[in-house]
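So the chains spell out like this:
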Amino acid sequence: MLFVTWNVNSLRARLPRVIELLEARQPDVVALQETKCTPDNFPLTELDAAGYEAVHHSGGQWAGVALLVRRPLAPDLPLLGLPGDEVPTEARWCEATVAGIRFVSTYVPNGRTLDSPEFPRKLGFMEAAAKRAAAIRSDNVAEGLVIAGDINVAPTDADVYDPAMYIGSTHVSEPERAALQAIKQSGSLVDAFRHLHPDEQQFTWWDYRAGNFHKNLGMRIDLALVSSGVADGLMACGIDRDFRKGFKPSDHAPLLVWMGLG
């Protein structure tokens, strides 16, 4: 199975690039974030024509998440929204089961600055995510679990281009990293990329400004957290930088995870 997670930074604006990815890679399951769609303008027809069924949680011009599943696979038991999210209207979490694995697409709040009112909200969302991860594992012991998306946390200093540039900033603070660790522990999850590439530095996000992509001044904040059984079957994991290039790119690149089933 090929699984992809990608913050597309507006699905409507980036739809040709998404279709390009679906045709080129033919992933089995795709987690999208920051779709920025209303429930009525989510491109179900175009995705269906590409061979994909969608589970989407759409809240309008901000946030929005989705799971795309390539036929003949199909999503089962969809759940929209994270229990305990203080602002559920922003649509930052959706789930479905595919081929015995519970997949989650999530877009964790940015947090803005350490003294912003948004920062406690980010930590609260991550605390709710940890509780949900534990609940999923408790209810579905025999199933695998994948929680993926734009987590908005760089797990370690190796996941930013220059740690000194981020001192006193969000995405790298101890409370955020501790909250990420709590999600991993609650769901018995490992970071798929780091599991296969313990010493490699790659990034998934680069600011649009100042040519940061071409200078490779980025961060690894898009993660696929997988349960131990899924981790045992991991075959490869990589970041497709080509989709950060070209016509109307997102500021994020897709993360690709190949996993064996059974």
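Residues numbered from 1 in each chain as written. Predicted model: local features only at pLDDT ≥ 70, side-chain atom pairs only at ≥ 80, totals over all residues. Heavy atoms only, no water.

### A look at helix 1 (residues 11–25)
(1) Moving on: The terminal C-alpha atoms of helix 1, which comprises 15 residues, lie only 18 Å apart, well short of the 21 Å expected from a rise of 1.5 Å per residue.
(2) Moving on: Within helix 1, the axis deviates most sharply at R17, by approximately 35 degrees.
(3) Moving on: Within helix 1, the full set of buried residues consists of L11, R14, L15, R17, V18, I19, L21 and L22.
(4) Moving on: Buried positions along helix 1 lie against strand 1 (2–7), strand 2 (29–33), helix 2 (44–49), strand 3 (52–57) and strand 4 (65–70).
(5) Moving on: Two residues or fewer after helix 1 comes Q26, characterised by a positive phi angle close to 50 degrees. (Helix = DSSP H or I, 4+ residues; strand = E, 2+ residues; numbered from the N terminus. Expected span 1.5 Å × (residues − 1). Bend = angle between axes of the 7 residues up to and from the residue. Buried < 20%, exposed > 50% of the residue type's maximum accessible area, 1.4 Å probe, protein only. Contact = heavy atoms within 4.5 Å.)

### What about the sheet that holds strand 14 (residues 255–259)?
(1) Moving on: Spatially, the 6 strands line up as an open sheet ordered 3-4-2-1-14-13, and their pairing is mixed. This sheet does not close on itself; its edge strands, each paired only once, are strand 3 and strand 13 (234–239). Pairwise comparison of adjacent strand axes, ignoring direction, gives a mean angle of 15 degrees for this sheet.
(2) Moving on: With 5 bridges joining them, strand 13 and strand 14 adopt antiparallel strand pairing. Residue pairing across strands places L234 opposite M259, the latter belonging to strand 14.
(3) Moving on: Against the sheet, helix 1 contacts strand 1, strand 2, strand 3, strand 4 and strand 14, and its axis sits at roughly 160 degrees relative to strand 1. (Pairing = 2+ DSSP bridges. Axes fitted to C-alpha atoms, helices over the stretch in contact; angles between N-to-C directions.)

### Section: the pattern of salt bridges
(1) Moving on: Using the criterion set out here, one finds 20 salt bridges in the structure.
(2) Moving on: Across the pair E90 and R92 runs a salt bridge whose closest N-O atoms are separated by 2.8 Å.
(3) Moving on: On the basis of relative accessible area, E90 is assigned to the partly exposed category, the value being 22%.
(4) Moving on: What makes R92 buried here is its relative accessible area of 10%. (Salt bridge = Lys/Arg side-chain N within 4 Å of Asp/Glu carboxyl O.)

### Considerations on the nonpolar core
(1) Moving on: Core analysis: the largest hydrophobic core is formed by 33 residues, its most contacted members being F3, F103, V146, V257 and M259.
(2) Moving on: Sequence-distant contacts of V146, that is, excluding residues within four places in its chain, are made with F3, I101, R102, F103, V104, L225, V226, V230 and M259. (Core = buried A, V, L, I, M, F, W, Y, C linked by side-chain atoms within 4.5 Å.)

### Let's talk about the pairing of strand 4
(1) Moving on: With 5 of 6 residues buried, strand 4 lies mostly within the body of the structure.
(2) Moving on: Relative to strand 4, strand 2 runs antiparallel, the two being bridged by 5 bridges. Bridge pairing links L32 to A66 in strand 4.
(3) Moving on: Judged from the 6 bridges that link them, strand 3 and strand 4 form a sheet pairing that is antiparallel. Within strand 4, the position partnered with H57 by the bridge is V65.

### What to know about the side chain of S173
(1) Moving on: Inspection of the secondary structure puts S173 in the loop between strand 8 (144–150) and helix 4 (174–187).
(2) Moving on: Side-chain polar atoms of S173 contact the side chain of E176, separated by 2.5 Å.
(3) Moving on: Residues within four places of S173 in sequence aside, it is in contact with L114 and F119. (Polar contact = N/O pair within 3.5 Å; in protein donor to acceptor, adjacent residues only side chain to side chain.)

### A look at the packing of aromatic side chains
(1) Moving on: In this structure the tally under the stated criterion is 5 aromatic pairs.
(2) Moving on: Relative to F213, the ring of W206 lies with its centre 4.9 Å away and its plane at 90 degrees, an arrangement referred to as edge-to-face.
(3) Moving on: A relative accessible area of 0% places W206 in the buried class.
(4) Moving on: Note on F213: relative accessible area 5%, which makes it buried. (Phe/Tyr/Trp six-rings, centres within 6.5 Å; stacked < 30°, edge-to-face > 60°.)

### Observations regarding helix 3 (residues 118–139)
(1) Moving on: The end-to-end C-alpha separation of helix 3 is 31 Å, in line with the 32 Å expected for 22 residues at 1.5 Å each.
(2) Moving on: Those residues of helix 3 not exposed but buried are F119, R121, K122, F125, M126, A128, A129, A130, R132, A133, I136 and R137.
(3) Moving on: Tucked inside the fold, the buried residues of helix 3 contact strand 5 (76–80), strand 6 (93–98), strand 7 (101–107), strand 8, helix 4 and strand 12 (222–227).

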